[in-house]
Amino acid sequence: MTESFRIKDCALAEIATGSRAQNLRELRDNLEHIDTDSIYYHFWGALLRPRFINREFNNDFAEWARRGLRDYRLSERIAVLDPTAYPETEQLRRELIELIEERLEESEHVPWARKDEQFHFRRSKIVVFDTGIELSRPEQLVEAVPAMSLGSVFYHFIDARRREPRGQNDFQAWLGGCGEAYHGLCLQLGSIDPFFQSLPELRRQLSDGFRNWFGSAHS
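This write-up is about the structure you can find in this document. All chains use their own residue numbering, which begins from 1 and follows the written sequence. Under the rules for a predicted model, residues below a pLDDT of 70 receive no local features and side-chain atom pairs below 80 are neither given nor counted, while totals for whole chains, interfaces and linings still include all residues. Where side-chain values are given, they derive from all heavy atoms of the structure, hydrogens and water being excluded.

Centres within 6.5 Å make a pair out of two Phe, Tyr or Trp rings, where for Trp the six-membered ring is used; the pair is then stacked when the planes are under 30 degrees apart, edge-to-face when over 60, and tilted otherwise. One pass over the full model with this rule turns up twelve aromatic pairs. Between W64 and F119, the ring centres sit 5.6 Å apart and the planes meet at 65°, which makes this aromatic pair edge-to-face. One end of the pair, W64, is in helix α3 (residues 60–67); the other, F119, is in strand β2 (residues 119–135), with 55 residues separating them in the sequence. For the pair W64 and F119, a shared accessibility class is recorded, and that class is buried. Put simply, the rings of F43, W44, F61, W64, F119, F121, F195 and F196 touch in pairs and so form one group of aromatic residues. Positioned above the aromatic ring of Y72, the side-chain terminus of R66 is 4.2 Å from the ring centre. Its guanidinium or amino end placed over the ring of Y40, R162 lies 3.6 Å from that ring's centre, counting from NZ or CZ. Numbering goes from the N terminus for both helices and strands, where a helix is a DSSP run of H or I of at least four residues and a strand is a run of E of at least two. Exposure classes here rest on a 1.4 Å probe applied to the protein chains alone. A residue is buried below 20% of its type maximum, exposed above 50%, and partly exposed in between. A ring is scored as having a charge over it whenever the NZ atom of a lysine or the CZ atom of an arginine sits within 6 Å of its centre and within 35 degrees of its normal.

Right, here's the structure in full:
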């Protein structure tokens, strides 16, 4: 049997980079050199940030294109970018830049935002907490996952993809070491795309998946 599964919690500490954009060209220029941690944050960070307004899009670039630049066509193009489809954040950067350059070529005028609606590039540092909860058997996930905080779900299912060498989530990595009996469950977990859903929805999907698996003949 592999080692136990230690449940961690996390928070994202937001850090200003000092880079900002007033128009679409400045956004493109900043994207050429901004740290990949900033791109990661602007695609994934909204999941953990408190929401005081209803957001139309999951990533900050699409949200700014709509609310700041009033460029609906660009916002819709950026909104469909799924970061899980890019093994490296650098690839996601190039795809985002290509979409912006394509829009600049189409536009007669460079889209501008009002002075008080600049895009501020930020990055984040993940702060990890040990919850003290430790699982020794895979079937304990049935009760443990529904009780997880949203920070724990983010850490183990989303941020894990940056830590695990094969881009796996922590559940896959742990179960993969528990024997061939969990191969099918690992495949199910690997097929879940977390980007176009909220963390509560993701936690519910994971909870249902574990309950169904361990409540069936697979247990």
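Now that the structure has been shown, we can carry on.
For a helix, the expected span equals 1.5 Å multiplied by the residue count minus one. For helix α5 (residues 89–106), with 18 residues, the first-to-last C-alpha span of 26 Å sits near the 26 Å given by 1.5 Å per residue. Every buried residue of α5 is accounted for by L92, R93, L96, I97, L99, I100, R103 and L104. Take α5 and look down its axis: the buried residues cluster within an arc of 160°, on one side only. Where α5 is buried, its residues meet α1 (24–33), α2 (36–44), α3 and α4 (72–79). This arc corresponds to the set of directions leading from the helix axis out to the C-beta atoms. Residue contacts follow a heavy-atom distance rule, with two residues in contact if any of their heavy atoms lie within 4.5 Å.

The next subject is the nonpolar core. Take the buried Ala, Val, Leu, Ile, Met, Phe, Trp, Tyr and Cys residues and link them wherever side-chain atoms come within 4.5 Å; each set so joined is a nonpolar core. Of all hydrophobic cores here, the largest spans 58 residues; its most connected members are L27, L31, F171, L206 and F210. Not counting residues up to four positions away in its chain, the partners in contact with L31 are I39, F61, R93, L96, I97, I100 and F121.

Turning to the environment of A21, a few remarks are in order. The residue A21 is located in strand β1 (residues 5–21) in this model. Residue class for A21 comes out buried when judged on its relative accessible area of 0%. For A21 and F121, which are 100 residues apart along the polypeptide, the C-alpha to C-alpha distance reads 8.1 Å. If near-sequence neighbours (up to four positions away) are discounted, A21 is found in contact with E26, L27, N30, W64, Q118, F119 and F121.

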